[in-house]
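# Chains, contacts and geometry: an overview
This is what each chain is made of:
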Amino acid sequence: MNPETNTGHIIEQKIDSLLTRMTLDEKIGQMTQVRHFDDISEEDIAGKFIGSVIHTQGPLPGNTAEEWQAKFRYLQEKALSTRLGIPLLFGVDAVHGQNTFEGATIFPHNIGLGASQNAELVEKAAAITAVESQATGFNWVFSPCIAIPYNEKWGRVYEAFSESTELTEKLTRASVQGHQGNLEDSHTVMATAKHFVGDGATDFGEEGGETSLAHEEVINRLLPPYKAAVEEGVGAVMASFNTLSGISMHAHKEMITDTLKIGMGFDGMVISDWKGYSRFGENDIINAGVDMVMAVDGDLEVFQNGLKYAVENGVVSQQRIDDAVRRILRQKFRLGLFENPLPDSTLVQKLGVSEHREIARQAVRESLVLLKNQNELLPLDATMSKIVVVGEHANSTGLQSGGWTVNWQGTHENYEGATTILEGIKNAAKGEVIYDANASEKHDDAQVAIIVIGEQPYAEFFGDIGHESNELTLTLIEEHQRYVDHYRKPGIQIVVVLISGRPMMVTDEIEKSDAFVAAWLPGSEGDGIAEVLFGAYGFKGKLPHSWPKSMDNFRGKYGPNFWDESIKPLFPFGYGLEY
Ligand code: BGC
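Throughout what follows, the structure given in this document is the object of discussion. Computed from a predicted model, the values in this text were never measured in an experiment. (Residues numbered from 1 in each chain as written. Predicted model: local features only at pLDDT ≥ 70, side-chain atom pairs only at ≥ 80, totals over all residues. Heavy atoms only, no water.)

## Details of the overall build of the protein chain
Applied cut-off: Only DSSP runs of H or I reaching four residues or more are called helices, and only runs of E reaching two or more are called strands; each is numbered from the N terminus. Exposed residues in this analysis have more than 50% of their type's maximum accessible area, buried residues have under 20%, and partly exposed residues fall in between, with area computed by a 1.4 Å probe over protein chains only. By definition, residues are in contact when any of their heavy atoms lie within 4.5 Å.
From N to C terminus, the protein chain includes 20 helices and 17 strands. When its C-alpha atoms are laid out on the principal axes, the protein chain stretches across 80 × 55 × 40 Å. Taken over 579 residues, the protein chain has a buried fraction of 63%. Considering only intrachain contacts with a sequence separation of at least 6, the fraction spanning at least 24 residues in the protein chain is 76%.

## A look at unusual backbone geometry
Of the consecutive residues S143 and P144, the connecting peptide bond is found in the cis state with omega at 5°. Residue placement: P144 occurs in the loop between β4 (140–141) and α7 (165–180). Cis geometry is found at the peptide bond from F196 to V197, where omega equals -10°. Examined against the element boundaries, V197 turns out to sit in the loop between β5 (192–196) and β6 (210–211). Phi angles above zero are rare outside glycine, and S245 is one such case at about 45°. Position of S245 among the secondary structure elements: in the loop between β8 (243–244) and β9 (247–248).

## Some details on the site of the ligand
Worth spelling out the cut-off: Whether a residue is near a molecule or strand depends on its heavy atoms: it is near if one of them lies within 4 Å of it. Each polar contact in these results corresponds to two N or O atoms within 3.5 Å; when the atoms are within protein, one needs to be able to donate a hydrogen and the other to accept it, and residues that are neighboring in sequence are counted only if both atoms are side-chain atoms. A 1.4 Å probe and the Shrake-Rupley method give the accessible areas. Residues count as covered only by the protein chains that appear here. Within this scheme a cavity is a closed region of a 1 Å grid, computed over the protein atoms alone, that accommodates a 1.4 Å probe without allowing it to escape, whereas a pocket is open but has protein on both sides within 12 Å along at least five of seven lines; lining residues each have an atom within 4 Å of a point. By definition, a pocket or cavity contains a molecule when more than half of the molecule's atoms lie within 2 Å of the pocket's grid points. Nonpolar residues are Ala, Val, Leu, Ile, Met, Phe, Trp, Tyr, Cys and Pro. Charged residues are Asp, Glu, Lys and Arg, and all others, Gly as well, are polar.
In the neighbourhood of the ligand, 13 residues make up the surrounding shell, with D93, R156, H195, D273 and E460 lying closest. Between the ligand and H195 there is a distance of 2.7 Å, counted from an oxygen atom to a side-chain nitrogen or oxygen. Between the ligand and E460, the relevant distance is 2.9 Å, taken from an oxygen atom to a side-chain nitrogen or oxygen of the residue. If the ligand stood free it would expose 310 Å²; the protein chains cover 96% of that surface. When atom positions are compared with the pocket grids, the ligand is found to occupy the largest pocket. For the shell around the ligand, the residue count by class is six nonpolar, two polar and five charged.

## Quick word on the nonpolar core
For clarity, the threshold we go by: What we call a nonpolar core is a set of buried Ala, Val, Leu, Ile, Met, Phe, Trp, Tyr and Cys residues that are connected through their side-chain atoms within 4.5 Å.
One finds L380, I450, V495 and L533 to be the most contacted residues of the largest nonpolar core, which totals 71 residues. If we ignore the near neighbours within four places in the chain, the residues touching V495 are L377, L378, L380, V448, A449, I450, I451, A515 and L533. Residues L18, I54, M294 and F333 belong to the second largest nonpolar core, which totals 70 residues.

## Here we look at the sheet that holds β8
Rules: At least two DSSP bridges between two strands are required for those strands to pair.
Ordered by their spatial adjacency, three strands build an open sheet running β6-β8-β9, and the pairing between neighbours is mixed. Pairing within the sheet leaves two strands with one partner each, and these edge strands are β6 and β9. As paired strands, β8 and β9 are joined by two bridges and run antiparallel to one another. When the bridges of β9 are listed, T243 appears paired with S248.

## A few points about the packing of helix α6 (residues 119–135) against α7
Spelled out, the test is: In this analysis an axis means a line fitted to C-alpha atoms, helices contributing only their contacting stretch, and an angle means the value between N-to-C directions, from 0 to 180 degrees. Put simply, a crossing is left-handed when the front helix is turned counterclockwise from the back one by less than a right angle, and right-handed when it is turned clockwise.
Their axes nearest at 7 Å, the elements α6 and α7 cross at an angle of 35°. The two elements α6 and α7 cross, and the hand of that crossing is right-handed. Contact residues: α6 offers A119, V122, E123, A126, A127, T129 and A130, while α7 offers K170, L171, A174, S175, Q177, G178 and H179. Along the lines of polarity and charge, the residues of the contact of α6 with α7 split into seven nonpolar, five polar and two charged.

## Quick look at the packing of aromatic side chains
The relation between two aromatic rings is expressed through the spacing of the ring centres and the mutual angle of the planes. Operational definition: A pair of Phe, Tyr and Trp rings is counted when the ring centres sit within 6.5 Å of each other, with Trp represented by its six-membered ring. The angle between the planes then sorts it: under 30 degrees is stacked, over 60 is edge-to-face, the rest tilted. Criterion for a charge above a ring: Arg CZ or Lys NZ at most 6 Å from the ring centre, at most 35 degrees from the ring normal.
Applying the stated criterion across every chain, the model contains 15 aromatic pairs. Taken together, a centroid distance of 5.1 Å and an interplanar angle of 80° make the contact between W68 and F101 edge-to-face. Of this pair, W68 sits in helix α4 (residues 65–80) while F101 sits in the loop between β3 (89–92) and α5 (110–116), placing them 33 residues apart in sequence. Each member of the pair, W68 as well as F101, carries the same accessibility label: buried. Counting every residue linked through ring pairs, the aromatic cluster contains W68, F72, F90, F101 and F138. The ring of F241 has R279 sitting right over it, with the charged end atom 4.4 Å from the ring centre. Its end group placed over the ring of Y487, K489 keeps NZ or CZ at 5.6 Å from the ring centre.

## Some words on the side chain of R357
By the secondary structure assignment, R357 is in helix α15 (residues 354–367). Looking at R357, its side chain comes within polar contact range of the main-chain oxygen of G103, at 3.2 Å. When near neighbours in sequence (up to four residues on either side) are disregarded, R357 contacts G103, A104, T105, G352, E416, G417, S524 and E525.

## With respect to α6
Because each turn of an α-helix spans 3.6 residues, side chains separated by three or four positions in sequence point in the same direction. Applicable threshold: The span expected for a helix works out to 1.5 Å for each residue beyond the first.
Under the 1.5 Å per step criterion, the end-to-end length of α6 is 24 Å for 17 residues, consistent within 8% with the ideal 24 Å. Residues of α6 that are buried: L121, V122, A125, A126, I128, T129, A130, V131, E132, S133, Q134 and A135. Buried residues along α6 sit in contact with α4, β3, α5, β4, α7 and α15. Count one or two residues on from α6 and you reach G137, which has phi positive near 100°.

## Remarks on the environment of D267
Here D267 is to be found in the loop between α10 (253–263) and β10 (269–271). Looking at D267, its side chain comes within polar contact range of the side chain of R334, at 2.9 Å.

## Points about the sheet that holds strand β16 (residues 493–499)
The strand order across the open sheet built from six strands is β12-β17-β16-β15-β13-β14, with neighbouring strands paired in mixed fashion. At either end of the open sheet lies a strand with only one pairing partner, and these are β12 (369–373) and β14 (432–436). Adjacent strand axes in the sheet meet at a mean angle of 15°, parallel and antiparallel pairs treated alike. In this sheet, β16 lies alongside strand β15 (residues 448–454) in parallel orientation, the contact comprising seven bridges.

## So, the packing of α7 against helix α9 (residues 224–231)
Stated precisely, the cut-off is as follows: Under this scheme an angle from 65 to 115 degrees is roughly perpendicular, one under 35 degrees roughly parallel, and one over 145 degrees roughly antiparallel; angles in between are oblique.
Interhelical geometry of α7 versus α9 gives an angle of 20° and a closest axis separation of 8 Å. When the interaxial angle is binned, α7 and α9 end up roughly parallel. Crossing of α7 over α9 shows right-handed handedness. Contact residues: α7 offers T165, T168, E169, T172, R173 and V176, while α9 offers P224, P225, A228, A229 and E231.

## Re the pairing of β12
Taking burial as the measure, the five residues of β12 include five buried ones, the bulk of the element. Pairing of β12 with strand β17 (residues 515–518) involves four bridges; the strand directions are antiparallel. From the neighbouring strand, K372 faces β17, where its bridge partner is F516.

## Examining the pattern of salt bridges
As a reminder of what qualifies: Salt bridges, as used here, are contacts in which a Lys or Arg side-chain nitrogen is within 4 Å of a carboxyl oxygen on Asp or Glu.
In total, this model carries 37 salt bridges according to the counting rule given. Among the ionic pairs, D527 bridges to R361, the shortest N-O distance being 3.2 Å. With a gap of 166 residues between them, D527 in helix α20 (residues 527–533) and R361 in helix α15 connect regions that are remote in the sequence. Taken individually, D527 and R361 each receive the classification buried, so the pair is uniform in this respect. Between K512 and D485 there is a salt bridge, and its shortest N-O distance comes to 3.0 Å. One end of the pair, K512, is in helix α19 (residues 507–512); the other, D485, is in helix α18 (residues 478–486), and 27 residues separate them in sequence. Residue D485 is classed as partly exposed on the basis of its relative accessible area, which comes to 37%. Connected via shared salt-bridge partners are R357, E358, R361, R365, E525, D527 and E531.

What follows is the structure in C-alpha cells.
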C-alpha cells in the first residue's frame, strides 16, 4: 500500500498523530521485540511499551492452539491497555509451515520448493502457513529466506530456494503474495525477507561469516530477490549475521538505508536478528537503519537503556527514532491491527487439515528430483511380491523433515499428524513390504530395496560443515553407505531416496544404485514420495542447485556463473529425469 494512495495517506496521518504524542520511552518500546517468556514479565509488556513478541525455540505458549491464542490474546490486551493502545506484532519462525506447533502442516523446506519451480504452489504453501500461523496467534512470520547459497557447506542451504537468482526472484514473489495476500484479512500474516544480505555467500559457507563478493556480484546476484520482495510489498526485512567486505550487515548503512530503503523504496521495517544490538555494534545498527531489535536472551535492558542514552546524547537522532517507529506503526496499520488486534478463534480448526496436507503432499511430489533411472526401474510395479525398505529415515517423520521442525534443531522422533515414507510405500505396494531399519537382515528374495538415507536434522551453524560443533561431512556416513552395499545382490534392484538439506557427494552411491532420487526435506507428508515412486504421479522436480561430483573438485562456489571449463558438476542446475 503506497503512502501516496488515499488509504496510505490516512495511515501516514494517523502515524503523525501518534508520533507527536509518544514519549521517547514509548518509541523505544515500539522498537523492542521480546520473547513471551524469560525476557520480560507479562506486566512489563505494558510497562516497557513493547512493540513485538517473538516465539521460537523454548517454552511453548500452551498445549493447544486455543491456549496459544489465549496467551497472545492476553499479552495483546496488556498492550492495548497502555495510554496509546498500540497493538503488538507476534512473530514466529514459520519457515516451512507453522513448524513450531506440533500438529501443523509441514511443507518441504524451501530447497524442495525450489526444485518444484512452481510459483503457484509456493504461493499456496505460504497462504496455508499464514492461516496456520494465525491459528496459533501470530500475525508475522520470519520467512521467506531468500538467500542465494554459494556453498553446500553452509548449514542453511535448505532454507533457501535455489542457487539461481532468477528462480529465487520468482518464488520470492509468490511467497510474499501467499503470506501477505490482502494483509488486513485475519488469515494473512506479514512476511520477512531474510537475511539481508549475503548470508548464503560467505567464505567457506560459514554461517555469519564474511562475504567477500565483489560489489557488482552482490548487486547482480543477491539483491534482485529483495527487489522482488519489496515490489510485492513485503512488510519486513531481517538483517543478516554476516559481514560484507568486513562491515557487519547489521551496521551496514550503505546497504540497509541507502540501497534497501532509499534505493529500492522499501517502506517496511528492518528487524535485527537474534541479539543483534549487543552483538553487532549497539547504536550503530540503529543508525544504519535497523528499526526493530530482537532484544532477547538478556538484551532487553541493554537495548532500551543503551538507545535512550544514545538519543539523549545525540548519538542517535530523534529523526531516526521517528523513522523507525513510523515504519513499525505503518505495518501495524497495514495489518489492520488497530481495528482487529486479536487472533481469529475460528482459524484453530484449520490446523493440519487434510486440504492443507494435500497441498503439502503435492509439494513433496513436485520437489522430487530423479537423478538416475537405469532400465526404467521406476515407476515401481506395485504388484511386486516383495519390497524391502531400509534406513531409519524411512520410518521417522522427524528425520525426513530436517531442522526447524517442532524444535529449532528439528526432531529425531515422529511428530503429530505426519506420515512416514514407509507408511506411504506400504499403502502403495500390493505385495509384501518388509522394513529392515539398519540393513541387518537378509532378504534375498526381495525384488527391490528402497534405501532411504541422508542427513540428520540441523539448523543454522549446527549444520555448517567444518564447524567445531559437529562432525558433518558432505558425504554419507559409513553406516548409510553400508546399507547400499548390503543389498547389492543379484536379483535385487536398488532405489536410493536421499533425504538431505543440500546436494551431497554421493557419486558412488548413484553408481551403485539402479534408481536415485533427491527428496530434500519433504516435511510431514512423507507418503507423497511413494505416490511418485509407484507412478501415480510423474517426476517433475529439477535441481535447484548444481550437484558437485567429488570433494576433490569442490571449490565451494557453485552456480551457473561459477563453473570454469575444467570443473563440471555431476549434474547441472535444472537437471531432472522424467518418466
Ligand atoms: C535466525 C533467524 C531467525 C531468528 C529468530 C536467528 O538465529 O538467524 O533466521 O528468524 O533466529 O528465531
